[in-house]
Amino acid sequence: KYALIHYYREDGNYGDPTSSNYNDFWGLHLWNSLGGLTDWDAPKRADGVADYGAYFTLNAADYPGVLDFSLPLNFIVHRG
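Calculation criteria
Residues numbered from 1 in each chain as written. Predicted model: local features only at pLDDT ≥ 70, side-chain atom pairs only at ≥ 80, totals over all residues. Heavy atoms only, no water. Salt bridge = Lys/Arg side-chain N within 4 Å of Asp/Glu carboxyl O. Buried < 20%, exposed > 50% of the residue type's maximum accessible area, 1.4 Å probe, protein only. Pairing = 2+ DSSP bridges. Helix = DSSP H or I, 4+ residues; strand = E, 2+ residues; numbered from the N terminus. Axes fitted to C-alpha atoms, helices over the stretch in contact; angles between N-to-C directions.

Enquirer: When you look at the pattern of salt bridges in this model, what are you seeing that I'm missing?
Expert: Pairing of side chains with opposite charge becomes possible as their charged atoms draw close. The full count for this structure, using the stated rule, is two salt bridges. Asp11 serves as the salt-bridge partner of Arg9, at 2.9 Å between the closest nitrogen and oxygen. The salt bridge involving Lys44 is made with Asp47; its shortest N-O contact spans 3.7 Å. Since its relative accessible area comes to 39%, Asp47 is described here as partly exposed.

Below is the structure:
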């Protein structure tokens, strides 16, 4: 199971996802009722940028025991 989240910015500036500093790129902070899937200072990096903006692929296998698509998934896209 997986989910795909797109984040579109009119200015096309998604930062530098290769940077080790989370202030340099737009990342995805994730959590659900089972717990946090990412730390605030270690957001999930975009998997790429396409016509609809940056995209993030969430695979349940990457978050065993925490990502359960039968539960609501909360997320915030943030920079820094």
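Enquirer: Quick question: what am I supposed to make of the sheet that holds strand 3 (residues 35-36) here?
Expert: Adjacent strands of a sheet pair through backbone hydrogen bonds, lying either parallel or antiparallel. Pairing in this open sheet of three strands is antiparallel, and the strands run 3-2-6 from one edge to the other. Each end of this open sheet is capped by a strand with a single partner; those strands are strand 3 and strand 6 (74-78). Relative to strand 3, strand 2 (residues 27-32) runs antiparallel, the two being bridged by two bridges. When the bridges of strand 3 are listed, Trp31 appears paired with Gly36.

Enquirer: When you look at the sheet that holds strand 1 (residues 2-7) in this model, what are you seeing that I'm missing?
Expert: Across the sheet, which stays open at both edges, the three strands sit in the order 1-5-4 with antiparallel pairing between neighbours. A single partner strand is all that each edge strand has here, and the edge strands are strand 1 and strand 4 (48-50). Between one strand axis and the next, the sheet turns through 35 degrees on average, direction left out of account. Pairing between strand 1 and strand 5 (residues 53-59): six bridges, direction antiparallel. Residue pairing in the sheet places His6 in a bridge with Tyr55 of strand 5.

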